[in-house]
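Given next are the chains, with one letter for each unit.
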Amino acid sequence: MFSLESLTTLVQDWLTKTFPPAVALLFEFVIVGVLAIALFAALGLVLVIMERKVAAWIQIRLGPNRVGPKGMFQSAADTVKLIMKEGLTPDGADKFLFNLAPFIVMMVAMLVLAPIGFAKGFHIWDINIGVLYVSAISSVSVIGILMAGWSSNNKYSLLGAMRSGAQMVSYELSVGLSVLSIIVLTGSLNINDIVLSQQNGWWLFKAHIPALISFVIFIIAVTAETNRAPFDLSEAESELTAGFHTEYSGMKFALFFLAEYINIFIVCAIGATLFLGGWMPFHIGNWESFNHIMDYIPTFIWFFGKTFFLIFLIMWFRWTFPRLRVDQLLNLEWKYLLPISMVNLIVMTLVAIQGWHF
Amino acid sequence: MVEEIGKTAEGDLIINVGPQHPATHGVLHLVITLNGETIKKVEPHLGYIHRSIEKMCESLTYRQFIYSTSRMDYLSAHINNHACALTVEKGLGIEIPARAQVIRVLMDELTRIASHELWWGAMAMDLGAFTPFFHAFRERESINDIMEETCGARLTMNYMVPGGVMMDLHPNFQNRVKTFLKLYKLKIHEYDELVTGNIIFQNRMKGVGYLSKEAAISYGVTGPAARGSGVSCDVRKLYPYEIYHQLQFDEILETEGDSFARYMVRLREMNESIKIIEQLIDNIPDGDFQAKTKAVLKLPKGEFYQLVETARGELGVYIVSEGGTTPYRIKFRSPGFSNLSCLDHITRGGKIGDLIASMGTLDLVIPDIDR
């Protein structure tokens, strides 16, 4: 059966055999870096065109249909346009921070990619605190957004950045707690272990209603954390024109844009890993023959299929719901989601201790 | 906190919303004073799209000046033309043929629906939901097609002239309107499912932008915005013109006075317009579509005033004539200007998001305010 694991071991073996260990490691760094950047660019292009097509489908229109077959090269053309554009820095802006901010946001998105398992035995860094690493690093991106808003010397940007700060810091709690409720079941922060623990069924189905609740909370909270509608207050087109990136243009704007999409991909990948089994095929308990048939579908298809399903969900939200107001947004988190997820965590712990899950 | 609202203090944020801003739907300029996210003061600045239509009208004849009024409230172009035509007819004492009257009312109500459709889409867009805009345009497009067929234009129709309408209805008119009615009834429930029933939408609208009945009257607010506060002000009911007194329809009143009430008034008003169209579409009398008028119209010396109900409220046309071929003075009482005046009152103490939501429910059309 085709597996990406054999490919990676092949490359690894060949490198270590041909070169001294230090040089081999250096080569691996380069290969992984290039692959990560390539994945980044590819994901950006795919997600942008997907968003536009999903939006068009929901809004009874065709969407981009001029560049390439069915408009598939539209986002590539847009990228070229954005690269060609002049990146303006406003006069009153803090030039250093203004130019640094998009890179911080971008780098954070790139770093979080590291522990995600894309397929069986195919991840950049099999770190034993994978989930903790993701939540730690992803909270740095709020600094980039605050920096962008504050250094722009624009009142709209400042308001957008402040909203975004309040929002991301609060919703991180819910994300953390709902992630924790799966961690108590698996007993490991390693992403590979979490995936392997779902060999006989995904946690969403195995752990009864508490898992369902934490899944719903997770989806709501990550939508807020990635600043997507209905929680897109930091951009809030009709209120703050473009929020924290009002003053950005050209490729600097594109980096924010790209980082937003990569962040969506990452949170959906995490969601798929925790609740829907990551690259693990759909298995039901000990139905050996059924599980065997499912195994024929390559693991990376499972992973990307689940991730894109969640991405579609989040896009669906964006094109359906109106935006919340800033106080309602914080109320939702502090008065509803946080208490519910706390109680849910306790219930989940009980389930884990008693072994009530399948 | 309450005393602080309305006064500016050190550290307040003063923001210019507009003249170019996605939420003002035109070149309205609001200077808002903020304390954090809370609004302390809203100060509208006008004049960015002032074309001095009133002054221009003074040098145009009574047949010509109607065309420039399509550009005032471009979403109710028919109704603006209607008001001007009515004023001139009043001055000249022209009897309008029954067919023309029915056609005028039909066109008015179609315009009203089209205008409310656009408002509904734009309103949802202000609140951050993009999809309703396209759904609203699906229905609005078929009204525009009807207009295009009969009047030759989709937005600035210039169809109503002193004495009746410019040309007869297109032979397809009745069929197309009936098709539109069918489409509308098929799709109207989507409006409630997608937006009205949405919990986020209701939270954003209910209890926000409160306008009391007294305040509505004292600010001179008219139209659906005032009817949301329980002020009975439908000109079609109170001062009926054309054949409105023979038609069965209700004046929609809501008493809550918040943004949601204003929203509901407009949604329900569309159904009333549908009711009017249904009553008339099969009963268009035969006959002339235009009364016989002189080639050059000369209003007798005096003052003439006529009120109509546009999609936004009460539009008054005031003509002072010296007996010549052109008016001595024309004044339009546009609904948008008075409706805008209450914006500061209803948004103080709210959040920026509330300002956008309340402004959306006032249904402002900027060229109507500035003229």
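Rules and cut-offs
- Residues numbered from 1 in each chain as written.
- Chains lettered and ligands numbered in written order.
- Predicted model: local features only at pLDDT ≥ 70, side-chain atom pairs only at ≥ 80, totals over all residues.
- Contact = placed C-beta atoms within 7 Å.
- Helix = DSSP H or I, 4+ residues; strand = E, 2+ residues; numbered from the N terminus.
- Nonpolar A, V, L, I, M, F, W, Y, C, P; charged D, E, K, R; others polar.
- Axes fitted to C-alpha atoms, helices over the stretch in contact; angles between N-to-C directions.
- Parallel < 35°, antiparallel > 145°, perpendicular 65-115°, else oblique.
- Left-handed = near helix turned anticlockwise from the far one by under 90°.
- Pairing = 2+ DSSP bridges.

Asker: For this particular structure, what's the right way to read the interface of chain B and chain A?
Answerer: Interfaces are frequently sized by the accessible area removed from exposure as the parts join. Across the contact, 26 residues belong to chain B and 23 residues belong to chain A. Elements represented by at least two residues in the side of chain B that touches chain A include exactly β1 (13–17), α4 (98–126), α5 (131–151), α7 (199–205) and α14 (352–362) of chain B. Classifying every residue of the side of chain B that touches chain A by side-chain character gives 14 nonpolar, six polar and six charged.

Asker: Sorry if this is basic, but what is going on with the packing of helix α7 (residues 155–186) of chain A against helix α10 (residues 208–225) of chain A here?
Answerer: Each pair of packed helices can be summarised by the angle the axes make with each other and by the distance between the axes. All names here are of chain A. Put simply, α7 and α10 touch, their axes get as near as 8 Å, and they point 155° apart. In terms of their interaxial angle, α7 and α10 are classed as roughly antiparallel. Here α7 and α10 pass one another in a crossing that is left-handed. Residues Q167, M168, Y171, E172, S174, V175, S178, S181 and I182 of α7 touch α10, and the partners they reach there are P210, S214, I217, F218, A221, V222, A224 and E225. Here the contact of α7 with α10 is built from residues that sort into ten nonpolar, five polar and two charged.

Asker: Help me understand the sheet that holds strand β8 (residues 329–333) of chain B, please; the structure alone is not making it clear to me.
Answerer: What links the strands of a sheet is backbone hydrogen bonding, and the strands pair in either a parallel or an antiparallel sense. Residues and elements named next belong to chain B. If you trace the three strands from one edge of the open sheet to the other, you get β6-β7-β8, paired in antiparallel fashion. Across the chains shown, the open sheet's two edge strands, defined by having one partner strand only, are β6 (302–309) and β8. Each strand of the sheet is rotated relative to its neighbour by a mean of 10°, with strand direction disregarded. Across five bridges, the pairing between strand β7 (residues 314–321) and β8 is antiparallel. Paired with V317 across the strands is F332, a residue of β8. Contacts between helix α3 (residues 77–92) and the sheet are confined to β6 and β7, with β6 contributing the most and set at about 145° to the helix.

Asker: Can you help me understand the sheet that holds strand β2 (residues 29–35) of chain B in this one?
Answerer: Residue and element names in this part refer to chain B. One open sheet accounts for three strands, arranged β1-β2-β3; its pairing is antiparallel. Of all the strands in the sheet, just β1 and β3 (38–45) have a single pairing partner and so form its edges. If you compare each strand with its neighbour and ignore which way they point, the axes differ by 20° on average. Note: β1 against β2, five bridges, orientation antiparallel. Paired with I15 across the bridge in β2 is I32.

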